[in-house]
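Architecture and fold: a report
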Amino acid sequence: MIAKLRQEFFSRYTDEKYAALLQELQTRCETPIPFRIAETPCFFSSTVLEGLIRTTKELYGQISENTDYRAMAQGTLPQNLRNSREADSALFIQADFGIDEHLEPKLVEIQGFPSLYCFQSVLSETYRDIYSLDSSLNGYLSGFTETTYFEALQQAILGGHDPSEVFLLELFPETQKTLPDFILTEKKLGVRTICATKVKQIGKKLFTPEGEPIKRIYNRVIFDDLIKNKITLPFDLSEDMDFSWAGHPSWYFLLSKLSLPFLNHPCVPETHLLSTLSTLPKDLGEWVLKPLFSYAGQGVVVGPTKEQVLAAPDPAGWLLQRKIRFIPTVETPEGATKTEIRIMCLSTPDGLKGMTSLIRMGRGALMGVDQNRDARWIGASAAFSL
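A brief look at the structure comes next. For clarity, every value in this text was computed on a predicted model and none was experimentally measured.

1. Focus: helix H7 (residues 179-189)
- Buried residues of H7: Pro180, Asp181, Phe182, Leu184, Thr185 and Leu189, and no others.
- Packing partners of the buried residues in H7 comprise helix H2 (15-29), helix H5 (117-130), helix H6 (146-158), strand E4 (166-170), strand E5 (192-195) and strand E9 (216-219).

2. Topic: the pairing of strand E2 (residues 92-99)
- By the criterion of burial, E2 is predominantly enclosed, with eight of the eight residues buried.
- In E2, alternate side chains face the same way, and those of Phe92, Gln94, Asp96 and Gly98 on one face and Ile93, Ala95, Phe97 and Ile99 on the other are all buried.
- Relative to strand E15 (residues 338-348), E2 is paired through seven bridges, and the arrangement is antiparallel. Considered in E15, the bridge of Gly98 is made with Glu340.
- Pairing geometry for E2 and strand E3 (residues 105-111), over six bridges, is antiparallel. Following the sheet pairing, Asp96 is matched in E3 by Glu109.
- Remark: five residues form the turn of the hairpin made by E2 and E3, two consecutive strands paired antiparallel; Leu103 in that turn has positive phi of roughly 60 degrees.

3. Topic: the pattern of salt bridges
- Following the criterion strictly, the structure yields 20 salt bridges and no others.
- The closest approach of N and O atoms between Asp129 and Arg28, which form a salt bridge, is 2.8 Å. Residue Asp129 is found in helix H5, and its partner Arg28 is found in helix H2; the two are separated by 101 residues along the sequence.
- On the basis of relative accessible area, Arg28 is assigned to the partly exposed category, the value being 22%.
- The residue Glu286 makes a salt bridge to Arg325 at a minimum N-O spacing of 2.6 Å. Here the residue Glu286 occupies a position in the loop between strand E11 (271-273) and strand E12 (287-291), and Arg325 occupies one in the loop between strand E14 (318-322) and E15, the gap between them amounting to 39 residues.

What counts, and at which threshold
Residues numbered from 1 in each chain as written. Predicted model: local features only at pLDDT ≥ 70, side-chain atom pairs only at ≥ 80, totals over all residues. Heavy atoms only, no water. Buried < 20%, exposed > 50% of the residue type's maximum accessible area, 1.4 Å probe, protein only. Helix = DSSP H or I, 4+ residues; strand = E, 2+ residues; numbered from the N terminus. Contact = heavy atoms within 4.5 Å. Pairing = 2+ DSSP bridges. Salt bridge = Lys/Arg side-chain N within 4 Å of Asp/Glu carboxyl O.

What follows is the structure, encoded as structure tokens:
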């Protein structure tokens, strides 16, 4: 953290400016923000964020180049999500890191699935405008600017198609916490959102309810929701149909918590698939029980009891990960706050690039926005580097 910038920020901060931040963000997103926005952005040295980009690339390389893992992991994919046109590489790669008691970054999880790429840019720029942050502070990574960031994102998501032929696919999008990002995706990229349950299949082609052809899908469906809610889509994802993916669904599974036990890196805490353990650790209070395929911290148990571990309905669908002791790193008027840093990457024609970062601030055991709503100086935030 850059202490000088932190102190400069506090010298200018007022509750009125924070209220203006929330109002302006809602105006730019054209909808209320359904999660808490932190009062402050975070300020990092560029070397810290560049190091996390390098680590993310190393972790992704270990998975993408591990043919044995890829073959094993294919067996975890639901049959209706296996597709003969699976992408050889992930389009979106994101890794979440926390800072441990030794001031070292530790991996929380890695995913091959997009999240708030458009919203995060708008959040950064809103922080910049409302708090009059210095123009030298960069909210993007790898030399991107606001303009080149959206150019790269548009190129990846459109894949050469006209925006009218590309749709963001989600389940009941109007009810999702990520709705602000969906609205911004249409504003910034021209890509409209459609509910997956309303897609029509005719032969090998997909259409909107109004009969518009769908040539490319920007996939935002959380497949756990399909399975948990027993939703059957009106088209078969496993068929070799006449459309392409901006983010193939198989990478939701391949680059996920499932990959954690197969990563070999100092930043990765000891992790085991529950089904591979013949005996449980004696110090379960120092471990975290996680479902393999869940989102936003759902189902995670910090310091589980033996009874909770044994109650896992399917050991093959759960893992145990040694607890990381995250420390508070951001000073606030109400005490120091812990941060989780998400490095958001994109596969580009020039290779894997760090695009921007997403920050979660909190004081509890979990850092998700659902678990950090009822206090000040916590919630979703953005990072600036110098």
